[in-house]
Amino acid sequence: MSVIQLRTAIPGPRSCELMQRRLTAVPRGAYHFTPIFVARAEGALLEDVDGNRLIDFAGGIGCLNVGHRAPAVVSALGAEVNRFLHTCFHVTPYESYIRLAERLNALVPGDFPKKTLLVNSGAEAVENAVKIARCYTRRPAIVCFEDAFHGRTLLTLSLISKTHPYKSGFEPFVGDVYRIPYAYCYRCAYSLEYPSCKLFCAHHLEDTFKRVVAAEAVAAVVVEPVLGEGGFVAPPGEFFQILLDICRRHGILFIADEVQTGFGRTGAFFACERYGIVPDILIAGKSLGGGLPLGAVIGRAEIMDAPAAGGLGGTFGGNPLACEAALAALDVLERQKLLDRANELGERFAARAHAWQRRWPLVGDVRGLGAMRAIELVRLRDSREPAVEETKEIVRYCYEHGLVVLSAGSYGNVIRLLMPLVINTEEFDEGLDVLAAALETVCEGKAACTV
Ligand SMILES: Cc1ncc(COP(=O)(O)O)c(C=O)c1O
């Protein structure tokens, strides 16, 4: 029997009714990928307000690696609700914050003393990482990357790349931010090919220090180990080691933004482990909280201690409910061996996606690491013109047929997988069947897809 069960056309009447109220009450800037209003969720499944059951390949944008309402998370929350909800860590601290900090200090790569600051979101974690790096190095500048995404606050907007809809209209941005190309091999900024390029893009950082900003003015390089919103681009192995070596030579901190890549998504606790690199500061968020809002900055103890007492924090940062949920979610990742599962799911997807690529020229690139996988869609293989409208059609086809899936990429032409890692094989395969049907439907009769 099919996992997906549709009782109404999607969106159903109750979702449509709520959408009308949403349009009146909520600003249009607060975008949503689907017009479906959710009633409940469990594991990798969603039930909407019209009683339709859908498969979830979005996981609240990568926040639910342990699944919706993971039983251990729900029970930890129940216990915490009966103790206290909030006192503020800066007024009367509590043990769960410390336990979580200790656990993250041990999990994050690096054989040296570490300390952890807890905050409310990924963007807030990035903001704090930059504050700490500037305070420690006493240098102002930050180097970031094309196609990067780090959040929607004013500093993080200054670091990110995609202009529409993220940056446009919100100018001016923070100064002393310098952007260089990422190792996005499918769309190499220098029109080179890997491996003959010898990672020119990474080595080019040295040139940036001669022609754009002096190395001694740079506090940190901030980089995602795999691009998230930028389209799930996983650079070749040596890319980060080259960057890291350059940073070390110039006393620049290396900050890895693992908000989307962390907590098992790439088949390791952190993607840095997949690349064998040790960052000075690692930024976490999303799946850290097991479904609750939580972000973290984890770094070398002496760096994290640079700001004076009172220089870091916020009213709700490291809220006790979020800390208990995170501790339970870490247990689930370990107990259920979800890192192994991420690799299995990724390979299962890759096998299907490579077959799609052979069949439909629309599928220009198949890529990713662990379960962080994607396909990039193009109008023609040679020109690699982004298939933007086709991508939108595929996302729409999928949710209309019971699969919630997200697009990504600077051109909006990438379909990415962020399903909970607890998804079972039957659910996963049925989701992929819907995606395949969407590709087939969109490709039918289109000249670009028959070349
Ligand atoms: C790599 C990365 N950093 C930071 C953020 C911002 O996190 P948040 O939306 O929790 O502020 C995101 C969100 O998608 C992200 O993918």
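Residues numbered from 1 in each chain as written. Predicted model: local features only at pLDDT ≥ 70, side-chain atom pairs only at ≥ 80, totals over all residues. Heavy atoms only, no water.

A. Quick look at the sheet that holds strand β3 (residues 53-56). As summarised here, the arrangement of the four strands in space is β1-β2-β3-β13, forming an open sheet in which the pairing is mixed. In this open sheet, the two edge strands, each paired with only one partner strand, are β1 (38-42) and β13 (403-404). Where strand β2 (residues 45-48) meets β3, three bridges bridge the pair, whose relative direction is antiparallel. Within β3, the residue paired with L46 across the bridge is L54. (Pairing = 2+ DSSP bridges. Helix = DSSP H or I, 4+ residues; strand = E, 2+ residues; numbered from the N terminus.)

B. View of the side chain of Q260. Position of Q260 relative to the elements: it lies in the loop between β8 (253-257) and α10 (271-275). A distance of 3.2 Å separates polar atoms of two side chains, one belonging to Q260 and the other to E229. Setting aside anything within four residues of it in sequence, one finds Q260 in contact with G228, E229, F232, R265, K286, M372, R416 and L418. (Polar contact = N/O pair within 3.5 Å; in protein donor to acceptor, adjacent residues only side chain to side chain. Contact = heavy atoms within 4.5 Å.)

C. Molecular detail of helix α9 (residues 239-250). Helix length check: α9, at twelve residues, gives a terminal C-alpha distance of 17 Å against a target of 16 Å (1.5 Å per residue), a fit within 8%. Those residues of α9 that fall on the buried side of the exposure criterion are F239, F240, I242, L243, L244, I246 and C247. At its buried positions, α9 is contacted by β5 (141-145), α8 (200-211), β7 (218-223), β8 and α10. (Expected span 1.5 Å × (residues − 1). Buried < 20%, exposed > 50% of the residue type's maximum accessible area, 1.4 Å probe, protein only.)

D. Representation of the pairing of β8 within the structure. Counting buried positions along β8 gives five out of five residues, so the element sits mostly inside the fold. By the alternation rule, side chains of β8 split into L253, I255 and D257 and F254 and A256, which are all buried. The sheet contact formed by β7 and β8 spans four bridges and is parallel. If you follow V223 over to β8, its bridge partner there is A256. In this region the chain leaves β7, passes through α9 and returns to the parallel neighbour β8; the handedness of that crossover is right-handed. Here β8 runs beside strand β9 (residues 281-284); their pairing, made up of three bridges, is parallel. Within β9, the position partnered with D257 by the bridge is I283. (Right-handed = clockwise from strand over helix to strand, strands pointing away.)

E. Layout of the pairing of strand β11 (residues 363-369). The element β11 is largely enclosed, with a buried count of six among its seven residues. Strand direction decides the pairing type here: β11 and strand β12 (residues 372-377), joined by six bridges, are antiparallel. From the neighbouring strand, D365 faces β12, where its bridge partner is E376. Joining the antiparallel neighbours β11 and β12 is a turn of two residues, in which G370 adopts a positive phi near 60 degrees.

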